[in-house]
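Report on the structure
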Amino acid sequence: MVLETGSLDLLKPALAKLEESYNDLPEFSQSIDEKKLKEVLIEVAERMKDNYPYPHPLYAGQMLKPPHPVARLAYMLSLFVNPNNHALDGGRASSAMEKEAVAAIAQMLGFKTHLGHLCGGGTMANLEALWVAGRLAPGKLVVASNQAHYTHSRITEVLGIPFKAVAVDERGRMDIEDLDRILEEEEVGSVVVTTGTTALGSVDPLPAILDLREKYGFRIHVDAAYGGYFKLAENLDTEARAAFDRIGEADSAVIDPHKHGLQPYGCGCVLFKDPAVGALYKHDSPYTYFSSSELHLGEISLECSRPGSAAVALWATQRLLPMTAKGEFADDLAKSRKAALELYERLKQDSRFLTPLVPELDIVIFAANAESAEESSRMARTIFEDTAKKGLHLALANLPVKLFPESMLKDRTQEYVTCLRSCLMKPEHLDWLDEIWQKLDLAMVDVGQKVLS
Ligand SMILES: *Cc1c(COP(=O)(O)O)cnc(C)c1O
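Since the model is a prediction, treat every value here as computed from it, not as a measurement. (Residues numbered from 1 in each chain as written. Predicted model: local features only at pLDDT ≥ 70, side-chain atom pairs only at ≥ 80, totals over all residues. Heavy atoms only, no water.)

**A look at the overall build of the protein**
Within the protein one finds 13 helices and 11 strands. Taken against the 2.2 N^0.38 rule, which gives 22 Å for 453 residues, the C-alpha radius of gyration of the protein at 24 Å falls within 12% of a compact globule. Projected onto the principal axes, the alpha-carbon positions of the protein cover approximately 75 × 60 × 40 Å. A total of 453 residues make up the protein; the buried ones form 51% of that total. Relative to all contacts within the protein whose residues are 6 or more apart in sequence, the contacts with residues 24 or more apart total 73%. Side-chain charges of the protein comprise 48 positive and 65 negative groups, with the mean position of each set lying 1 Å from the other. (Helix = DSSP H or I, 4+ residues; strand = E, 2+ residues; numbered from the N terminus. Rg over C-alpha atoms; globule rule 2.2 N^0.38 Å. Buried < 20%, exposed > 50% of the residue type's maximum accessible area, 1.4 Å probe, protein only. Contact = heavy atoms within 4.5 Å. Lys, Arg positive; Asp, Glu negative; His and termini not counted. Charge placed at Lys NZ, Arg CZ, Asp CG, Glu CD.)

**Comments concerning the pattern of salt bridges**
The final tally for this structure, using the stated rule, is 27 salt bridges. For the salt bridge of R306 with E98, the shortest nitrogen-to-oxygen distance reads 2.9 Å. Linking R306 in the loop between β7 (268-272) and α10 (308-320) with E98 in helix α4 (residues 92-109), this pair joins segments that are 208 residues apart in sequence. Note on accessibility: R306 and E98 belong to one class, buried. Residues joined by salt bridges that share partners form a network here, namely D169, R173 and E239. (Salt bridge = Lys/Arg side-chain N within 4 Å of Asp/Glu carboxyl O.)

**Focus on the site of the ligand**
Near the ligand you find 14 residues, and of these G122, T123, D223, D256 and K259 are the closest. One of the side-chain nitrogen or oxygen atoms of T123 is found 2.6 Å away from an oxygen atom of the ligand. Contacts to the ligand include H258, whose side-chain N or O atom sits 2.8 Å from an oxygen atom. Against a free-state accessible area of 380 Å², the protein chains account for coverage of 87% of the ligand. The greatest single-element share of the shell around the ligand, amounting to 3 residues, is contributed by helix α5 (residues 122-136). (Near = heavy atom within 4 Å. Polar contact = N/O pair within 3.5 Å; in protein donor to acceptor, adjacent residues only side chain to side chain. Areas by Shrake-Rupley, 256 points an atom, 1.4 Å probe, with all protein chains shown as cover.)

**Observations concerning the nonpolar core**
Grouped together as the largest cluster of nonpolar side chains are 71 residues, with contacts concentrated most on I105, L109, L179, V191, I220, V222 and Y229. Take this core: its biggest share by element is 6 residues, from α4. Here this core spans two domains, since at least three of its residues come from each of domain 1 (92-320) and domain 2 (328-446). The contacts of V222, once residues within four sequence positions are left out, are V193, T195, L206, I247, A250, S252, A253 and V254. Of all hydrophobic cores here, the second largest spans 25 residues; its members include A60, F353, L392 and L394. (Core = buried A, V, L, I, M, F, W, Y, C linked by side-chain atoms within 4.5 Å. Domains from an automatic or database assignment.)

**Things to note about the environment of D441**
Of note, D441 is situated in helix α13 (residues 433-452). Judged by its relative accessible area of 29%, D441 is partly exposed. Counting along the chain gives 281 residues from D441 to G160, while the straight-line C-alpha distance between them is 49 Å.

**Observations regarding a nonpolar patch on the surface**
A cluster of nonpolar side chains, namely Y22, L25 and V81, defines an oily patch on the protein surface of about 290 Å² accessible area. For Y22, a relative accessible area of 41% translates into the label partly exposed. (Patch = residues over 30% accessible without salt bridge, like charges linked within 9 Å, V, L, I, M, F, W, Y side chains within 5 Å.)

**A short note on the sheet that holds strand β11 (residues 416-423)**
The strand order across the open sheet built from 4 strands is β8-β9-β11-β10, with neighbouring strands paired in antiparallel fashion. Among the strands making up the open sheet, the edge pair consists of β8 (353-354) and β10 (395-400). Across the sheet, helix α11 (residues 328-348) is in contact with β8, β9 (363-368) and β11; its angle to β9 comes to roughly 15°. Relative to β11, helix α12 (residues 373-389) is tilted by about 30°, and along the sheet it contacts β9, β10 and β11. (Pairing = 2+ DSSP bridges. Axes fitted to C-alpha atoms, helices over the stretch in contact; angles between N-to-C directions.)

**Things to note about α11**
Its 21 residues place the ends of α11 30 Å apart at the C-alpha level, agreeing with the 30 Å of an ideal helix rising 1.5 Å per residue. Three or more residues of α11 are buried, namely F329, A330, L333, A334, S336, R337, A339, A340, L343, Y344 and L347. (Expected span 1.5 Å × (residues − 1).)

**Some words on the pairing of strand β3 (residues 163-166)**
Looking at chain direction, strand β2 (residues 141-145) and β3 are connected through 4 bridges and run parallel. Within β3, the position partnered with A144 by the bridge is A165. Taken together, β2, helix α6 (residues 151-159) and β3 form a β-α-β motif whose crossover is right-handed. (Right-handed = clockwise from strand over helix to strand, strands pointing away.)

**A look at the environment of I220**
The residue I220 is located in strand β5 (residues 219-224) in this model. Between the C-alpha atom of I220 and that of V142, which follows or precedes it by 78 residues, the distance is 9.8 Å. Leave out the neighbours within four places in its chain, and I220 touches V191, V193, L206, I209, L210, R213, A250, D251 and S252.

**Re the sheet that holds strand β4 (residues 188-194)**
An order of β1-β7-β6-β5-β4-β2-β3 is seen for the 7 strands of this open sheet, with the pairing classed as mixed. A strand with exactly one partner marks an edge of an open sheet, and here the two such strands are β1 (115-119) and β3. In this sheet, neighbouring strand axes are inclined to one another by 20° on average, regardless of whether the strands run parallel or antiparallel. Across 5 bridges, the pairing between β1 and β7 is antiparallel. Looking at β7, one finds that L115 is bridged to F272.

**Examining the domain arrangement of the protein**
Partitioning the protein into domains gives domain 1 (92-320) and domain 2 (328-446). Summarising the inter-unit geometry, the C-alpha centres of domain 1 and domain 2 are found 29 Å apart. Counting from both sides, the interface comprises 31 residues of domain 1 and, opposite them, 19 residues of domain 2. Between domain 1 and domain 2, the buried area comes to about 2000 Å², and carbon and sulfur atoms account for 63% of it. For domain 1, the biggest contributors to the area lost against domain 2 are L200, N235 and H260; these three give 27% of the whole. The interface formed by domain 1 and domain 2 includes 0 salt bridges. Scanning the region where domain 1 abuts domain 2 turns up 7 residue pairs in polar contact (both at pLDDT 80 or more). Partitioned by chemical class, the residues of the side of domain 1 that touches domain 2 number 12 nonpolar, 12 polar and 7 charged. (Buried area = accessible area lost by both parts, 1.4 Å probe. Nonpolar A, V, L, I, M, F, W, Y, C, P; charged D, E, K, R; others polar.)

Structure representation (structure tokens):
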């Protein structure tokens, strides 16, 4: 494969445009030793070879998606300014772009009012949401399903908030009966609803949880770090669609533009429905905000210095690929989900595999059909290594045996089964399914021989 480098030529005219803003200043230029610089860069390229081939469609393992060229270029362009979106003093233009980009995300998710900002990623974004949740309901429990991202139990530990895990149903979604029981028995301040779990892509039943909020009264925080953009995909099943359509009724939500939003890492986003929570962030730094009485993003975020470039890249991406239903961006998400469904169908028809879950988004989970959970786990690890040698990169996930119906996996002697997991996050995955299948098929032949010998 070749790297897309043609678009680098577009950077120079854009930089010349940016340079106009310095026309009034006295002559000044930075000098560099190009020879030495080149040497170091070549050394860097050599070092960077030691990675899985993330940009290629045959990388179909972990939750990794290449940034769009426009995001890369806008990020690079803005690095010539290197704005800091903590304060308007550090980045006026990029702060304005951040406010616009965040407002577009809030609208896409269905928030009628919002206060929000970008941050380092889903972990920081969730930390802020749960920090606010804890401030508003001190001492009360935060609950999330046992398939929620592990960050929630860790974050609540950092914040000193009590945490409890809710059971999941056979599709890996928060179990409403178990949630109801906990709500009945304990003082719950917040329920974390995951619309797209990281391991399985399961979507918690937000409508039922909103009903329980009527009865018990608690905050709802939606963790849509991975799944959020699927709001735009037109091919979700009815239950997932119903959940995504009501995110705007939550008290807060998190989405990661660096997962499905085509951004380089370092781009998460937290949103609150009630802008008044901004008051909780109040601090009185004596030297920070002088240049303007407008909102400095640092006044409503826990992180201080932050890359304005992340906001510029996101803004540019939204400009090129607006987040509208039926637009190119939405179509690409629908393609990822279609690829997941097609791969699932092929696996399901093939007796060599076990398919415990219909994909709700674009993650496919499958296991090797074997006599025991132990044997199946061993085979999954062999398949993982063997496909990698053939150029197909999958991922592994340890899943509770409980997610498998007994008719599918009779042996229940161990608690977990190692499964194969494939995140089909690139729209191109759809066109590469035959290739992916061929390599998987060849690996299965090898694995069969290894098992026999
Ligand atoms: C990825 C993810 C997180 C953590 O986000 P980072 O950007 O990796 O810090 C939290 N929750 C969910 C559901 C995720 O998929």
